[in-house]
Amino acid sequence: MSKAEKLYQERLQRYTTAMECGKPDKVPITFPLGEWVVKYTDTTIQEAYYNFDRTTEITCEIIRDLDFDLMYSALNLWWPPMFNAIGSKLYKFPGIHLEENSQYQYIEEENMKPEDYDEFIDNPTEWLANKFLPRINEEFANPGSYRATAALIKSVAAFAMANDKSAKASEKLAKEFGVVPYGTGMTKAPFDTLGDALRGMKGILLDLRRRPEKILAACEAIIPHNIAYAMITAAGDTTLPCFAPLHRGAYPFLSMEQWEKYYWPSLKAVIEGLWARGKRMFFFAEGNWTPYLEKIAELPDKSIVFVIDATDAKKTKEVLGGRFCLYGGVPTTLLTYGTPEEVKDCVKRVIDELACDGGFVLAPGGVVMSDAKRENIFAMIEAGREYGVY
Amino acid sequence: MLADTLSKAMAELEEEQVLEQVKERLGGGVAPLAIVKTLQEGMVEVGNRFQSGEYFLSELIMAGEIMKGAMDILEPHLSGESGEHKGTIVIGTVKGDIHDLGKNIVIMLLKGSGYNVIDLGVDVPKEKFVEALQETKAPLVGMSVLLTSCQEAMKETIEAIRGAGLDTRVIIGGNYIDETVKNHVGADYYATSATDGVKVAAEVFGA
Amino acid sequence: MAENRDKTFVPEAGTCVPWKVIKEELGELPGNEEIVKKEWENLDTLAYSFIWFWAQR
Ligand code: B12
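The notes below deal with the structure included here. Predicted, not measured: the structure shown is a model, and the values here were computed from it.

Glancing now at the nonpolar core. Grouped together as the largest cluster of nonpolar side chains are 186 residues, with contacts concentrated most on Phe31, Phe283, Trp289, Ile296 and Phe306 of chain A together with Trp54 of chain C. Ranked by residue count, the leading element in this core is helix 4 (residues 57-78) of chain B, at 11 residues. A domain split of this core shows at least three residues from each of domain 1 (5-78) and domain 2 (88-205) of chain B. The next biggest cluster of nonpolar side chains, apart from the first, holds 27 residues, and it includes Met369 of chain A together with Ala132, Leu133 and Val170 of chain B.

What follows is the structure in structure tokens.
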């Protein structure tokens, strides 16, 4: 076994132990990959998004001398050529719609109308293919037309290429640096699948009053798809958890009754469905989830990795600690405005408070963007090793 | 407690009742502006209930929708009547950021409290802020930012405003905003809730 | 036969045009069905994840 392969096994073991709520030899540490890396290179954000090989290169460069366990996320989460080819209206990318050093933007629209509910509920996949894809993709607006056919062929090819390239990149990181990905595959809460790209934020919040029964029926229809989507995008892997960015479940989107009736049951069903297949969910609780901790505690032990963003960390530890692996602890703003000293103090505090009896991964709570400073991220990782030995 | 049945229906989010009463009152000769004012009292109550944790975002969005429906009925009758208001506030989400829910809530509450609010939308370049401020002479500008990566854009916008010789008070708001960010970007006030924004407006306008 | 392609069905989660639909149309295969089926399903999964990708983004 090479040195990197040995490291990989060691780190995977650390993560697995933490996910099982045990005490590894050291607190696992996450390296947050993000646009911030780019500003320390002579590459533009546009290039980093478009050119996979270059992205892998700059990633390797920055992590070369660091000792951490997990890598969170990817720089080219979305490979723009796939969107460009089909004329996607969902995103704006640097270089084509935005200045070359901007981060991408997501454009939220009500892409599914209230009158689409029934058709969607009856046959979601067909509705998406026939109605949704033409609406959100300009080049695909007239399926069957010459432009649309060409666009679809190109976009699907790009999709397959991007999947392949990102698999190769993570293989390289594993083989050469022993880096373990934080997860494999992605899925959502059914309410978020419905509320993000389909009905949109305003659409779904109004539906709660105007057509609540449709929300329930649609979420019910989405459950098996979100389980299948997770397993497919994870290529069957069950050692690592499946990413789930959770949006509308944060406080204060829904009242407790709404949350319990409309958000939670279908999400719980997805989590239980995955758990029955041996797959955990990387419960990316964006924002503040403090009021719902007791409900989340109803889940089968160890079935999620709970990410602490703006949720009350102490309370999370009290309610979920010991039964679920907790992840996070370092505020994203500290990585921008803090000094390395402040970051170190924070890490020490976090480890004292949250990591003591195991089942914890040290990481930033939210998504780390272009504003973060390298010295602070490095300080987080170093301090994690310094204070994080059990 | 709200005395007026229309304000109450608004606060309770009774859409049909609100629209019915608006039409009734219009038909009965009540001044459109008086009706708007009554509706706004209901909106303020909605804001208070949100602040106290009784209402959630879904209720706020619904309130905004009902208000919009009512204004659609009222607007044709409002033309010509110059509404008196407490003052003008310009507000927008800064360049690079397209999150607008928080901003829209702030606007709703500010309007509800009687301010004239100019909404610049999302992804607003600094030039547009400066232009709007020069045009309206608004004494207060609000900037919303959710993405930490766009806090720098806020700083640049504030510099541009100062550079244009304007001494407009600046309030910034969003989920990751705190004292440190406020000082870094050079704002006068910061808010992490919409009601804080209303308080600051009251201070600035002495209302 | 072209009219077969107009038949409606509700594909299960994880599939677009499941093998059993196409198998019904093809009837008995002269060679090894498993080989054909396996690759059919791989590509069907790819199509499924492409379609849902846009909703899950
Ligand atoms: C909903 C949401 C979205 C929606 C936005 C829909 C819309 N029309 O606004 C969509 C899906 C489009 C989206 C996109 C993205 N998002 Co987003 N999003 C969120 C989410 C879940 C909620 C934000 C929200 O609306 N909260 C509710 C409102 C009411 O609260 P608020 O905005 O804080 O506003 C209140 C106060 O702050 C204050 N306030 C706000 N503005 C102002 C202004 C003034 C003047 C005053 C006085 C007060 C004030 O008053 C409001 C009411 O009390 C947050 C996570 C979270 N739960 O916070 C992530 C979050 C903000 N998003 C994030 C990211 C990374 C993104 C994307 C880059 C990623 C992606 N997957 O596409 C894109 C960015 C697109 C872009 N260029 O802007 C990150 C940002 C991380 C960071 N380091 O900054 C967050 C924090 C998630 C996370 N945990 O990492 N997002």
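By the burial criterion, the buried members of helix 1 (residues 19-26) of chain C are Trp19, Val21, Ile22, Lys23 and Glu25 of chain C. Packing partners of the buried residues in helix 1 of chain C comprise helix 2 (33-56) of chain C.

Contacts are most numerous, across the 2 pairs of chains in contact, for chains A and C. Taking C-alpha atoms only, the smallest gap left between chain B and chain C, which are not in contact, amounts to 17 Å.

On to the interface of chain A and chain C, then. With 38 residues of chain A at the interface, the matching set in chain C holds 18 residues. Contact with chain C buries surface across chain A, with Phe159, Tyr229 and Ile232 of chain A losing the most and accounting together for 23% of the total. At the junction of chain A with chain C, the criterion picks out 0 salt bridges. Put simply, chain A and chain C have 7 residue pairs in polar contact (both at pLDDT 80 or more) between them. At the level of elements, helix 4 (80-86), helix 5 (117-122), helix 6 (124-136), helix 7 (146-177), helix 8 (190-198) and helix 10 (212-233) of chain A are the ones that each hand at least two residues to the side of chain A that touches chain C. Looking at the side of chain A that touches chain C, the element that brings in the most residues is helix 6 of chain A, giving 8 residues.

In this section: the packing of helix 2 (residues 15-27) of chain B against helix 4 of chain B. Residues and elements named next belong to chain B. Between helix 2 and helix 4, the shortest axis-to-axis distance is 10 Å and the interhelical angle comes to 20°. As summarised for this structure, helix 2 and helix 4 are arranged roughly parallel, according to the angle between their axes. For the element pair helix 2 and helix 4, the recorded crossing hand is right-handed. Here Glu15, Val18, Leu19, Val22, Lys23 and Leu26 of helix 2 come into contact with helix 4, specifically with Met62, Ile66, Gly69, Ala70, Ile73, Leu74 and His77. Taken together, the residues of the contact of helix 2 with helix 4 break down into 9 nonpolar, 2 polar and 2 charged.

The subject of this paragraph is the coordination of the cobalt atom of the ligand. Angles at a metal have ideal values that depend on geometry: 109.5 degrees with four tetrahedral donors, 90 or 180 degrees with six octahedral donors. A lone protein donor binds the cobalt atom of the ligand: His99 of chain B (NE2), at 2.4 Å. Relative to the elements of secondary structure, His99 of chain B occurs in the loop between strand 1 (88-93) and helix 5 (101-112).

A word on the site of the ligand. Taken together, 43 residues form the shell around the ligand, and within it Val367 of chain A together with His99, Asp100, Ser144 and Thr148 of chain B come nearest. Looking at what sits near the ligand, you find residues from chains A, B and C. Contacts to the ligand include His99 of chain B, whose side-chain N or O atom sits 2.8 Å from a nitrogen atom. Between the ligand and Leu146 of chain B, the relevant distance is 3.4 Å, taken from an oxygen atom to a main-chain nitrogen or oxygen of the residue. Sorting the residues of the shell around the ligand by element identifies strand 4 (105-106) of chain A together with helix 5, strand 3 (140-144), strand 4 (169-173) and helix 9 (194-205) of chain B as the ones contributing at least two each. In terms of residues, the shell around the ligand owes the most to one element, helix 5 of chain B, which gives 4 residues. Here the shell around the ligand is composed, by residue class, of 20 nonpolar, 16 polar and 7 charged.

Before going further, it helps to examine unusual backbone geometry. The omega angle of the peptide bond from Tyr251 of chain A to Pro252 of chain A is 0°, so this bond is cis rather than trans. Within the fold, Pro252 of chain A resides in the loop between strand 6 (242-246) and helix 11 (256-276). Its identity is not glycine, yet Lys302 of chain A carries a phi of approximately 70°, on the positive side. Position of Lys302 of chain A relative to the elements: it lies in the loop between helix 12 (293-296) and strand 8 (304-308). Phi is positive for Lys137 of chain B, which is not a glycine, with a value near 55°. The topology assignment puts Lys137 of chain B in the loop between helix 6 (126-136) and strand 3.

The rules behind each value
Every chain's residues receive numbers from 1 upward, in the order its sequence appears when written. A letter from A marks each chain and a number from 1 marks each ligand, given out in the order of writing. Whole-chain, interface and lining totals are the exception, using all residues; otherwise, since this is a predicted model, local features are given only for residues with pLDDT of at least 70 and side-chain atom pairs are given and counted only at 80 or more. Excluded from the side-chain calculation are hydrogens and water; included are all heavy atoms of the structure. In plain words, nonpolar cores are sets of buried Ala, Val, Leu, Ile, Met, Phe, Trp, Tyr and Cys residues tied together by side-chain atoms within 4.5 Å. Only protein chains enter the calculation, and the probe is 1.4 Å; a residue is then buried if its accessible area is under 20% of its type maximum, exposed if over 50%, and partly exposed in between. Helix and strand definitions follow DSSP, with helices as H or I runs of at least four residues and strands as E runs of at least two, each counted in order from the N terminus. Domain extents, as shown, originate in an automatic or database domain assignment. Contacts: residue pairs with any heavy atoms within 4.5 Å of one another. Put simply, buried area is how much 1.4 Å-probe accessible surface two parts lose in total, over both of them, once they are put together. What counts as a salt bridge is simple: a side-chain nitrogen of Lys or Arg found within 4 Å of a carboxyl oxygen of Asp or Glu. Polar contact is defined as a pair of N or O atoms within 3.5 Å, subject to the rule that within protein one atom must be able to donate a hydrogen and the other to accept it, and that residues adjacent in sequence are counted only when both atoms are side-chain atoms. Only C-alpha atoms enter the line fits that serve as axes; for helices the fit covers just the stretch in contact. Angles between N-to-C directions range over 0 to 180 degrees. An angle below 35 degrees is treated as roughly parallel, one above 145 as roughly antiparallel, one from 65 to 115 as roughly perpendicular, and anything else as oblique. Note on convention: the crossing is left-handed when the near helix lies turned anticlockwise from the far helix by less than a right angle, right-handed when the turn is clockwise. Under the convention adopted here, Pro, Cys and the residues Ala, Val, Leu, Ile, Met, Phe, Trp and Tyr are nonpolar, Asp, Glu, Lys and Arg are charged, and Gly plus all remaining residues are polar. Here the term donor refers to an N, O or S atom within 2.8 Å of the metal (or 3.2 Å for Na, K and Ca), and because water is left out of the atoms, sites may appear incomplete. Nearness here has a simple test: a residue counts as near a molecule or strand if at least one of its heavy atoms is within 4 Å of that partner.

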